[in-house]
Amino acid sequence: MSSTTKTTTANGEKYDGFTDEERGAMKERAKELKRGARRGAKADTEREVLAKIAEMSESDRVIAERLHTLIKANAPVLTPKLWYGMPAYARDGKVVCFFQSAAKFKTRYAVLGFSDEANLDEGAMWPTYFALTELTADVEARIGALVKQAVS
């Protein structure tokens, strides 16, 4: 591919390089790192996560709030923090899982993602991202089990 090749997004728009949403996420991450360096380990990162969740659209906020509660209940060893402007949950400073709202990158569904820090290895292939459209009792039970496994 040449450097002038254009990429098409899911909604048919053309762009070169990073989308506005991707650039925004990178800028948020840079701010997070600067803020973390200034305040040290004493920061109340959960308050920042809850504030970010409160800013979300209603459909994303409902899922994010419930997900926050589920993760805290099933993996109390994880610390909430912001990661690229998204609610994330870390162990020893390393992100284990995160929530990406549908609005963040203008997608049709929200995502629960797990990093390579999560203990989800299963054979030669396993899922690390899960689309979320609503949190039913069955979905919540599955998320709870995944989060527990991720930190085991």
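Values in this document were obtained by computation on a predicted structure and should not be read as measured data.

*Asks:* I would appreciate a short explanation of the overall build of the protein chain in the present structure.
*Replies:* When you go through the protein chain residue by residue, the secondary structure sums to four helices and seven strands. Counting helices and strands in the order they occur from the N terminus, the protein chain gives β-β-α-α-α-β-β-β-β-β-α. Looking at the protein chain as a whole, 36% of its 152 residues qualify as buried. Within the structure as shown, the protein chain displays about 9,500 Å² of accessible surface, and the carbon and sulfur contribution to it stands at 52%.

*Asks:* What is the right way to look at unusual backbone geometry in this model?
*Replies:* Of note, tyrosine 84 is a non-glycine position whose phi angle comes to about 55°, a positive value. Of note, tyrosine 84 is situated in the loop between strand S3 (79–83) and strand S4 (86–91). The class for tyrosine 84 is partly exposed, based on a relative accessible area of 31%.

*Asks:* Help me out: how do you make sense of the nonpolar core in this one?
*Replies:* As a rule of thumb, soluble globular proteins bury nonpolar side chains together. In terms of nonpolar packing, the biggest core is built from 28 residues, with Leu78, Phe99, Phe114, Leu132 and Ile143 touching the most fellow members. Sorting the residues of this core by element identifies helix H2 (45–54), helix H3 (58–74), strand S5 (94–100), strand S6 (110–114), strand S7 (129–132) and helix H4 (137–151) as the ones contributing at least two each. Look past the residues within four positions of phenylalanine 114 in its chain and what remains in contact with it is Val96, Cys97, Phe98, Leu120, Thr128, Phe130, Leu146, Val147 and Ala150.

*Asks:* Hey, could you run me through the packing of aromatic side chains in this one?
*Replies:* Each aromatic ring pair is characterised by the separation of its centres together with the angle its planes make. Counted according to the given criterion, the structure contains four aromatic pairs. Relative to tyrosine 84, the ring of tryptophan 83 lies with its centre 5.2 Å away and its plane at 80°, an arrangement referred to as edge-to-face. Consider the rings of phenylalanine 114 and phenylalanine 130, whose centres lie 6.1 Å apart with planes at 90°: the pair is edge-to-face. On the criterion of sequence distance, the pair formed by phenylalanine 114 in strand S6 and phenylalanine 130 in strand S7 is long-range, its members being 16 residues apart. In this structure, phenylalanine 114 and phenylalanine 130 share a single accessibility class: buried. Three or more aromatic residues joined by ring pairs form one cluster here, namely Trp83, Tyr84, Phe98 and Tyr129.

*Asks:* Just checking my understanding: could you explain a nonpolar patch on the surface for this structure?
*Replies:* The grouping of Phe18, Met26 and Tyr84 at the surface amounts to a nonpolar patch, some 280 Å² of accessible area in total. When you line up the elements, phenylalanine 18 lands in the loop between strand S2 (14–15) and helix H1 (20–39).

*Asks:* Would you explain the side chain of serine 101 in this entry?
*Replies:* Here serine 101 lies in the loop between S5 and S6. Here the side chain of serine 101 touches lysine 104 through a polar contact of 3.2 Å, landing on its backbone nitrogen. If we skip the residues at most four places from it in the chain, serine 101 touches Met56, Asp60, Thr107 and Ala110.

*Asks:* Would you mind going over the sheet that holds S5 with me for this structure?
*Replies:* The strands that make up a sheet pair up through hydrogen bonds in the backbone, lying either parallel or antiparallel. With antiparallel pairing, the five strands of this open sheet are ordered in space as S3-S4-S5-S6-S7. Looking at strand neighbours, the two that pair on one side only are S3 and S7, the edges of this open sheet. Strand after strand, the sheet turns through a mean of 25° between neighbouring axes, direction not considered. Bridge count between S5 and S6: four bridges; the pairing is antiparallel. Paired with glutamine 100 across the two strands is valine 111, which belongs to S6. H2 contacts S3 and S4 of the sheet and is inclined by roughly 55° relative to S3.

Calculation criteria
- Residues numbered from 1 in each chain as written.
- Predicted model: local features only at pLDDT ≥ 70, side-chain atom pairs only at ≥ 80, totals over all residues.
- Heavy atoms only, no water.
- Helix = DSSP H or I, 4+ residues; strand = E, 2+ residues; numbered from the N terminus.
- Buried < 20%, exposed > 50% of the residue type's maximum accessible area, 1.4 Å probe, protein only.
- Areas by Shrake-Rupley, 256 points an atom, 1.4 Å probe, with all protein chains shown as cover.
- Core = buried A, V, L, I, M, F, W, Y, C linked by side-chain atoms within 4.5 Å.
- Contact = heavy atoms within 4.5 Å.
- Phe/Tyr/Trp six-rings, centres within 6.5 Å; stacked < 30°, edge-to-face > 60°.
- Patch = residues over 30% accessible without salt bridge, like charges linked within 9 Å, V, L, I, M, F, W, Y side chains within 5 Å.
- Salt bridge = Lys/Arg side-chain N within 4 Å of Asp/Glu carboxyl O.
- Polar contact = N/O pair within 3.5 Å; in protein donor to acceptor, adjacent residues only side chain to side chain.
- Pairing = 2+ DSSP bridges.
- Axes fitted to C-alpha atoms, helices over the stretch in contact; angles between N-to-C directions.

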